[in-house]
Amino acid sequence: MAVIPVPERLLHPMEFPRKLLMGPGPANAPPRVLAAGALPLLGHLHPEFVQIMDDCKSGIQYAFQTENPVTLAISGTGHAAMEAACCNLVEAGDVVLVLCAGIWGHRFADMVDRHDGVVKKLNKPAGETFSLSDIEQGLRAHNPKLLFVTHGESSSTTLQSLEGIGKLCHKFGCLVVVDSVAALGGVPLLQDAWELDVVYTGGQKVLSCPPGASPISFGPAAMKKVKSRKTKIRSFYLDINELANYWGCDGQPRRYHHTGPISNIYTLREALSILAEETLAKCWERHAKCAALLHDGLRQLGLELFVKNPECRLPTVTGIVVPPGVDWKKVADNAMAKYRVEISGGLGATAGKIWRVGLLGYNAEPENVKSVLSALKEGITLQKKSHL
Ligand code: PMP
């Protein structure tokens, strides 16, 4: 058998350019958060670490505006939280109505299918959102047990209004799951007041943590469904009963379930304390102001916003129409090569058609807006010149 030699590159330090991450995530993490991630490890059931988990729990309850006892962070990125919502709530044969206005609905639908749920989709073109009457029609037509909605559709840069959806679903005996990975903290979300049964987010967006711990909260009706399942939850790792115990949400002594991602939890604790210091209302306001500054600057450059209805624009991720004759990638490549600024292209239906600029958490600051605007301006001008 061949002997595998020592990988030569591992004998040298990592190459490490500093970049300004102005795409749809991850965002740059503040130095305080990075420093928290470098703290020495504790045991995952040591009392000091349990206290840090409890602090995270109350920070997530604040960020989500919920009193739900089953509030915790999933060990994994946003997709793991999405899978957790799906695997705990969907049983074979359950009808799930999925609102699709970009890639995230389709992705949840794929997960539902893997759990033998019956997927019904309501579709909107990229750039549009659902009205309550669209949703009501879907509920009447399909009589689902669960509805999935994406709050901030990062692929089509829309903000879906959530107000009224929870109440409407409950009138039809349907639970609602909200993906707020790209929106939470950047726009209001009131889980209890808006009757949202399950909400999840990611760490690396507005919270500006390294990816790896994803806040989620299950309300009482969602837990009732979990407790009354006829079949076993198909994932051990994401079983909310097990996780609720590990996170001290069920009043029982904590058992070992899995080894929590200790350093990720430290960073989440730090990010949530930064949010608590700033307050949610000020954080929402900062994102709104920066988005308005970006939108004004884009208009001055003669660029068009992808989402036409101002109320449906996601402040955390802005879609900009690529003008005819301009190669979006060359502009993004120029921004990266010259300024180390990340600007992203579209995703799914918007691929090749838009740029996406993130204003997420730590990065939602006026000077970063200026950097993006000047990088866009320069990239577009350079291309126009090369056409002459
Ligand atoms: N949902 C939405 C709306 C997202 O924007 C993302 C990440 N771009 C995810 C889910 C998935 O999160 P992750 O990449 O952290 O798994």
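Residues numbered from 1 in each chain as written. Predicted model: local features only at pLDDT ≥ 70, side-chain atom pairs only at ≥ 80, totals over all residues. Heavy atoms only, no water.

Participant: Run through the side chain of His 258, naming residues and quoting values.
Facilitator: Among the structural elements, His 258 can be located in the loop between helix 8 (240-246) and helix 9 (262-278). With residues up to four places along the chain from it excluded, the contact list for His 258 reads His 44, Ser 75, Tyr 237, Leu 243 and Tyr 246. (Helix = DSSP H or I, 4+ residues; strand = E, 2+ residues; numbered from the N terminus. Contact = heavy atoms within 4.5 Å.)

Participant: Residue-level account of the site of the ligand, with values.
Facilitator: Taken together, Thr 77, Gly 78, His 79, Trp 104, Thr 150, Gly 152, Ser 154, Asp 179, Val 181, Ala 182, Gln 204 and Lys 205 make up the full set of residues adjacent to the ligand. Within the side chain of Lys 205, one N or O atom sits 2.8 Å away from a nitrogen atom of the ligand. When the free accessible area of the ligand is taken as 390 Å², the share hidden by the protein chains comes to 87%. The residue makeup of the shell around the ligand, split by class, is 3 nonpolar, 7 polar and 2 charged. (Near = heavy atom within 4 Å. Polar contact = N/O pair within 3.5 Å; in protein donor to acceptor, adjacent residues only side chain to side chain. Areas by Shrake-Rupley, 256 points an atom, 1.4 Å probe, with all protein chains shown as cover. Nonpolar A, V, L, I, M, F, W, Y, C, P; charged D, E, K, R; others polar.)

Participant: Hey, could you go over the pairing of strand 14 (residues 354-358) for me, with residue numbers and the actual values?
Facilitator: Taking burial as the measure, the 5 residues of strand 14 include 5 buried ones, the bulk of the element. Burial of the side chains of strand 14 extends over both faces: Ile 354, Arg 356 and Gly 358 are buried on one face and Trp 355 and Val 357 on the other. Sheet analysis places strand 13 (residues 344-345) next to strand 14, joined by 2 bridges and oriented antiparallel. Each residue of the ladder has a partner; that of Gly 345, found in strand 14, is Trp 355. (Buried < 20%, exposed > 50% of the residue type's maximum accessible area, 1.4 Å probe, protein only. Pairing = 2+ DSSP bridges.)

Participant: Before we move on, can you summarise the sheet that holds strand 10 (residues 213-218) with the specific residues and values?
Facilitator: Neighbouring strands of a sheet are bound in pairs by backbone hydrogen bonds; such pairs are parallel or else antiparallel. On the basis of which strands lie adjacent, the open sheet formed by 7 strands has the order 2-10-9-8-5-3-4 and mixed pairing. Since the sheet does not close on itself, it has two edges, and those belong to strand 2 (70-75) and strand 4 (118-123), each with one partner. Direction aside, the axes of adjacent strands within the sheet are offset by 20 degrees on average. Taken strand by strand, helix 5 (residues 132-142) contacts strand 3 (95-100), strand 4 and strand 5 (146-150), and its axis lies near 155 degrees from that of strand 3. Sheet contacts for helix 7 (residues 220-227): strand 2, strand 8 (175-179), strand 9 (198-200) and strand 10; angle to strand 10, the most-contacted strand, approximately 90 degrees. (Axes fitted to C-alpha atoms, helices over the stretch in contact; angles between N-to-C directions.)

Participant: Describe helix 4 (residues 103-114), with residues and values.
Facilitator: Here helix 4 spans 17 Å end to end across 12 residues, near enough to the 16 Å set by a 1.5 Å rise per residue. All buried positions along helix 4 are accounted for by Ile 103, Trp 104, Gly 105, Phe 108, Ala 109, Met 111 and Val 112. Contacts from the buried residues of helix 4 go to helix 3 (78-89), strand 3, strand 4, strand 5, strand 6 (152-153) and strand 8. Following helix 4 by one or two positions, Asp 116 adopts a phi angle in the positive range, close to 60 degrees. (Expected span 1.5 Å × (residues − 1).)

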